[in-house]
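In case you want the letters, here they are:
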Amino acid sequence: MNPSALPEADLHAYADRQLPPERAGAVEAALAGDPALAARVAEIRAQSAALRDALDPVLAERIPDRLLDAARPPQSPAARAALVRRWRLPALAAAATLVLGVAVGWFGRDAMIERAGTPTTFARQAAFAHALYAADARRPVEVWAAEEKSLVTWLTKRLGFQVMAPDLNSVGYALVGGRLVAGNEQPTALFMYENADKQRLTLQVRKQGPDVGETAFRYAVENGVGVFYWIDDRCGYALSGNIDRTQLLAVARVVYGQLAVLEAK
Amino acid sequence: MPPPAPPAAGLPHPDLVAAIPRLRRYARVLTGDPTRADDLVQDALGRAWEKRALWRAGSDLRAWLFTIMHNVYVNQLALARREAGNVSLDAEGEFGAAWQVPVQGNQLDRVELLELVALMGKLPPEQREVLLLAAVEELRYEEIAAVLAIPVGTVMSRLSRARDKLRRMVAEPPAPLKVVK
């Protein structure tokens, strides 16, 4: 077979292994009789392989949060409003800080705003305190759950407002106890919980400064610790754990619900 | 996309998430800029949700997403072209110095590979797209034709030109290339 009779397209289709078998035979026959042609096919394949080798590492890169968010079902404005009502969380002002890789999924992007500064610092401090104390097998807390009443009384006194330890048994977490943690401006109360798998969560509560408005739930990951945090009625709350976001969110909803009941009293 | 029962509200759709790495790779070589590439992927995902009623169940989701992203890209190019007063963006070396596809890796031969990718940036976008879809994504020519809305014959001629041009550039680099790691 005369090599020039071989269509260029067939050569590429053959190199890309896309040529139907009945035509592949003709190409193979041509290659067998023409080393230059065979070299071209090899070259095409080597070029493709090199491109894949060069670009495959992109596939292993971590997917940015904003693209994960774009993969979430978009919420209609009505659905979003219903959620906001349900959670009684007002939208707020100012710029989003993405320092911690924050992403709030179920509210959508427009609710991802808060006053810059304090809440982000709060989430980071909460994650650090969680990492420090949850890893402590022997003495994770100062006051154990057996003395819950005196724990709550003590923390309420130190923080200057009524605190409570939410009951998380419905989601499988029992109170371990609590402690006082030094915060930037305000002391922070820490309640620790544990489930049957010895997985620990901490809920941290502190008074916010007067200039900090309410925020929607926000999520941050700091050194592998996931933190849901929000500000409600001048109090900042942070729920931290080494569990995945969905599980943590389920617990956060229970916490929020119980605090709302307390507030309503 | 796949309309049958999306997973729990608010969670990223697993089929979309599975497609994201390939969309990012494609977009990155297309735009030559990681941030612009992710912008493009983000826009494409947004469009995909808007148009999900047009998705035919059972067809290849990845090819459909490439189609959407190609359309978003072409629209953005057309807009940029209008704003730039009809400057042709198909000209060689469109991205010039901005061209960069930082990928990780520390083997010595990665330099050569990165050079190859940088040279790919000198191909006209329409050739680059075909080469990417055929050689890297390994789509079938008919799928590529559908994604780019061009005849299969055009896919073949662009592919042939792209490969030939890239081969010649590798053989005789026109100018010293700055490789971005």
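Because the structure is predicted, anything quoted here is derived from the model rather than measured. (Residues numbered from 1 in each chain as written. Chains lettered and ligands numbered in written order. Predicted model: local features only at pLDDT ≥ 70, side-chain atom pairs only at ≥ 80, totals over all residues.)

### Some thoughts on the overall build of chain A
Worth spelling out the cut-off: Note on conventions: DSSP H or I runs of at least 4 residues are helices, E runs of at least 2 residues are strands, and numbering of each starts at the N terminus. Partly exposed residues are those falling between the two cut-offs: more than 12 but fewer than 20 other C-beta atoms within 10 Å of their own, whereas 20 or more means buried and 12 or fewer means exposed, with C-beta atoms placed from the backbone. Once C-beta atoms have been placed from the backbone, residue pairs whose C-beta atoms lie within 7 Å are recorded as contacts.
Tallying secondary structure elements over chain A gives 8 helices and 7 strands in all. Within the span of chain A, comprising 265 residues, buried residues form 35% of the whole. Expressed as a percentage of contacts within chain A between residues at least 6 apart in sequence, the contacts between residues at least 24 apart total 57%.

### Focus on the overall build of chain B
Across its full length, chain B holds 7 helices and 0 strands. Along chain B, from the amino end to the carboxyl end, the secondary structure elements read α-α-α-α-α-α-α. Put simply, chain B has 181 residues, and 36% of those count as buried. A sequence separation of at least 24 residues applies to 67% of the contacts in chain B between residues at least 6 apart.

### Focus: the confidence of the model for chain B
All names here are of chain B. For clarity, the threshold we go by: What pLDDT expresses is the predictor's confidence in each residue, scored from 0 to 100.
In this model, chain B carries a mean pLDDT of 79, and residues with pLDDT of at least 70 account for 73%. In this model residues 1–9 is a low-confidence stretch, pLDDT under 50, and it forms 16 contacts with partners more than four residues away in sequence or in other chains. Segment residues 87–98: pLDDT under 50, and 16 contacts once partners within four positions in sequence are set aside and those in other chains are kept.

### Quick look at the nonpolar core
Note the following rule: Working definition: the nonpolar core is a set of buried Ala, Val, Leu, Ile, Met, Phe, Trp, Tyr and Cys residues, joined through C-beta atoms within 7 Å. Start and end points for every domain follow an automatic or database-based domain assignment.
The biggest cluster of nonpolar side chains holds 59 residues, and the ones touching the most others in it are L23, V41, A44, L65, M69 and I144 of chain B. Among the elements that make up this core, the one with the highest residue count is helix 1 (residues 14–31) of chain B (8 residues). Among the domains, domain 1 (3–59) and domain 2 (65–264) of chain A are the pair contributing at least three residues each to this core. In this structure L65 of chain B touches A19, L23, A44 and A48 of chain B, once residues within four positions along its chain are discounted.

### Focus: the interface of chain A and chain B
Using the following cut-off: Classes in brief: Ala, Val, Leu, Ile, Met, Phe, Trp, Tyr, Cys and Pro nonpolar; Asp, Glu, Lys and Arg charged; the others, Gly included, polar.
Contacts between the two partners involve 31 residues from chain A, matched on the other side by 39 residues from chain B. Among the secondary structure elements, those contributing two or more residues to the side of chain A that touches chain B are helix 1 (8–15), helix 3 (35–59) and helix 4 (65–70) of chain A. For the side of chain A that touches chain B, a count of residues per class yields 19 nonpolar, 5 polar and 7 charged.

### Notes on helix 6 (residues 141–148) of chain B
Rules: The directions considered for the arc are those from the helix axis to the C-beta atoms.
Regarding helix 6 of chain B, the residues found buried are Y141, E143, I144, V147 and L148 of chain B. Projected down its long axis, helix 6 of chain B carries its buried residues within an arc of 155°, all on one side. Taken together, the buried residues of helix 6 of chain B touch helix 1 of chain A together with helix 3 (61–83), helix 5 (125–136) and helix 7 (152–171) of chain B. Following helix 6 of chain B by one or two positions, A149 of chain B adopts a phi angle in the positive range, close to 55°.

### Some points on the pairing of strand 3 (residues 188–194) of chain A
All names here are of chain A. Stated precisely, the cut-off is as follows: At least two bridges found by DSSP between two strands is the condition for calling them paired.
Of all the 7 residues making up strand 3, 6 are buried; the element is thus mostly covered by neighbouring parts of the structure. Inspection of the sheet shows strand 3 paired to strand 4 (residues 200–207) by 6 bridges, in the antiparallel sense. Residue pairing across strands places L190 opposite Q204, the latter belonging to strand 4. Here strand 3 hands over to strand 4 after 5 residues, with K198 in that stretch at a positive phi of 65°.

### Things to note about the pairing of strand 7 (residues 235–241) of chain A
Residues and elements named next belong to chain A. Of all the 7 residues making up strand 7, 7 are buried; the element is thus mostly covered by neighbouring parts of the structure. Sheet topology places strand 4 next to strand 7; 7 bridges connect them, and they run antiparallel. Opposite K207, over in strand 7, you have C235 as the bridge partner. In terms of strand pairing, strand 6 (residues 225–232) meets strand 7 through 7 bridges, oriented antiparallel. Within the sheet, the bridge partner assigned to V227 lies in strand 7 and is S240. Hairpin connection from strand 6 to strand 7: 2 residues lie between these consecutive antiparallel strands, with D233 at a positive phi of about 50°.

### Some words on the environment of K165 of chain B
Relative to the elements of secondary structure, K165 of chain B occurs in helix 7. When the C-alpha atoms of K165 of chain B and L119 of chain B are compared, they prove to be 9.5 Å apart, with 46 residues separating the residues in sequence.

### Topic: the packing of helix 1 of chain B against helix 2 (residues 34–50) of chain B
Residues and elements named next belong to chain B. Going by this rule: Angles run from 0 to 180 degrees between N-to-C directions of axes, and those axes are lines fitted to C-alpha atoms, restricted for helices to the stretch in contact. Put simply, angles under 35 degrees are roughly parallel, angles over 145 are roughly antiparallel, angles from 65 to 115 are roughly perpendicular, and the rest are oblique. By convention, the crossing between two helices is left-handed when the near helix turns anticlockwise from the far helix through less than a right angle, and right-handed when the turn is clockwise.
The interhelical angle for the contact between helix 1 and helix 2, taken along N-to-C directions, is 135°, at an axis separation of 8 Å. Taken together, the axes of helix 1 and helix 2 are oblique relative to one another. Here the hand of the crossing between helix 1 and helix 2 comes out right-handed. Packed against helix 1, whose contacting residues are L16, I20, L23, R24, A27, R28 and T31, the element helix 2 presents P34, R36, A37, D38, L40, V41, A44 and L45 at the interface. For the contact of helix 1 with helix 2, a count of residues per class yields 10 nonpolar, 1 polar and 4 charged.

### Remarks on unusual backbone geometry
For K198 of chain A, which is not glycine, the phi dihedral falls at a positive 65°. Among the secondary structure elements, K198 of chain A is positioned in the loop between strand 3 and strand 4. Phi is positive for A149 of chain B, which is not a glycine, with a value near 55°. Inspection of the secondary structure puts A149 of chain B in the loop between helix 6 and helix 7.

### Some remarks on the environment of A63 of chain B
Residues and elements named next belong to chain B. Tracing the sequence through the fold places A63 in helix 3. Residue class for A63 comes out partly exposed when judged on the 18 C-beta atoms lying within 10 Å of it. As a C-alpha pair, A63 and A19 span 44 residues in sequence and 9.8 Å in three-dimensional space. Residues contacting A63, with those up to four places away along its chain left out, are L139, E143, A146 and V147.

### Considerations on the packing of helix 3 of chain B against helix 6 of chain B
Residues and elements named next belong to chain B. Here helix 3 crosses helix 6 at 35°, and the two axes come no closer than 8 Å. As for how helix 3 packs across helix 6, the hand of that crossing is right-handed. Contacts between helix 3 and helix 6 involve A63, F66, T67 and H70 on the former and, on the latter, E143, A146, V147 and L148. Considering only residue class, the contact of helix 3 with helix 6 consists of 5 nonpolar, 2 polar and 1 charged.

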